[in-house]
Amino acid sequence: RILYFPPTADNGFAFFVTFCFILFVLEMILHSWAKSDFSRGIFNVKGYAFSFFFWLDLLAVLSMVPDVAWLASAFGLQNDSIDSLGTRAGKAGKIGATPD
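Analysis parameters
Residues numbered from 1 in each chain as written. Predicted model: local features only at pLDDT ≥ 70, side-chain atom pairs only at ≥ 80, totals over all residues. Heavy atoms only, no water. Phe/Tyr/Trp six-rings, centres within 6.5 Å; stacked < 30°, edge-to-face > 60°. Buried < 20%, exposed > 50% of the residue type's maximum accessible area, 1.4 Å probe, protein only. Patch = residues over 30% accessible without salt bridge, like charges linked within 9 Å, V, L, I, M, F, W, Y side chains within 5 Å. Areas by Shrake-Rupley, 256 points an atom, 1.4 Å probe, with all protein chains shown as cover. Salt bridge = Lys/Arg side-chain N within 4 Å of Asp/Glu carboxyl O. Helix = DSSP H or I, 4+ residues; strand = E, 2+ residues; numbered from the N terminus. 1 Å grid on protein atoms, 1.4 Å probe; cavity = no way out; pocket = protein on both sides within 12 Å on 5 of 7 lines; lining within 4 Å. Points joined across faces, edges and corners; volume = space filled by probe spheres on them. Nonpolar A, V, L, I, M, F, W, Y, C, P; charged D, E, K, R; others polar. Contact = heavy atoms within 4.5 Å. pLDDT = per-residue confidence, 0-100.

**Student:** Pulling in residues and values, what's your account of the packing of aromatic side chains?
**Tutor:** Using the criterion set out here, one finds 8 aromatic pairs in the structure. Residues Phe 15 and Phe 16 carry aromatic rings whose centres are separated by 5.3 Å and whose planes lie at 70° to one another, so their mutual orientation is edge-to-face. Per residue, the accessibility class of Phe 15 equals that of Phe 16, and both read exposed. Site record: aromatic cluster; members linked through ring pairs are Tyr 48, Phe 50, Phe 54 and Trp 55.

Written as structure tokens, this is what we have:
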């Protein structure tokens, strides 16, 4: 995205990432509802809910949180101090480099 598209395309990418995040969460909820048997209680569930694939899907959804800007800022994962830290590290890496 950063390499091939202008900064004006960021809003479009943010929309699609948010849309995909919402679809994945909705898919997990509906899959848990449709493919799980909760009749024996919440701690004795048979089916998709709390199975290996449920935890795998949850991990995939949680890995999208830093990509969703409004959600990342709500959790404190995205702010200017982190960005400036990367900039300072990049400048520090240039110390001692020979000019071309």
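**Student:** Run through a nonpolar patch on the surface, naming residues and quoting values.
**Tutor:** Judged by side-chain polarity, Phe 15, Phe 16, Phe 19, Leu 23, Leu 26, Leu 30 and Trp 33 come together as a nonpolar surface patch covering roughly 800 Å² of accessible area. On the secondary structure map, Phe 15 appears in helix α1 (residues 10–34).

**Student:** Which residues make up the layout of surface pockets, and what values do they have?
**Tutor:** Estimates place the volume of the largest pocket at around 180 Å³. Lining the largest pocket are Arg 1, Asp 10, Phe 13, Ala 14, Val 17, Pro 66, Asp 67, Ala 69 and Gln 78. In terms of residue count, α1 provides more of the lining of the largest pocket than any other element does, 4 residues in total. Grouping the amino acids of the lining of the largest pocket by side-chain chemistry returns 5 nonpolar, 1 polar and 3 charged.

**Student:** Any details on the side chain of Thr 18? Residues and values, ideally.
**Tutor:** Along the chain, the position of Thr 18 falls in helix α1. With residues up to four places along the chain from it excluded, the contact list for Thr 18 reads Val 68 and Trp 70.

**Student:** Describe unusual backbone geometry, naming the residues involved and giving the relevant values.
**Tutor:** For residues that are not glycine, phi is negative in most cases, and the peptide bond is trans in most cases. Within the chain, Phe 50 stands out as a residue other than glycine whose phi angle is a positive 65°. Topologically, Phe 50 is positioned in the loop between β2 (46–47) and α2 (52–63). Note on Phe 50: relative accessible area 43%, which makes it partly exposed.

**Student:** Tell me about the confidence of the model for the protein, residues and numbers included.
**Tutor:** Per-residue confidence for the protein gives a mean pLDDT of 84, with 78% of residues at or over 70. Mean pLDDT across the elements of the protein ranges from a minimum in helix α4 (residues 80–93), with 57, to a maximum in α2, with 95.

**Student:** With reference to specific residues and values, describe the side chain of Ser 32.
**Tutor:** Secondary-structure assignment places Ser 32 in helix α1. Relative accessible area serves as the criterion here: at 10%, Ser 32 is assigned to the buried category. In this structure Ser 32 touches Phe 38, Tyr 48, Ala 49 and Phe 54, once residues within four positions along its chain are discounted.

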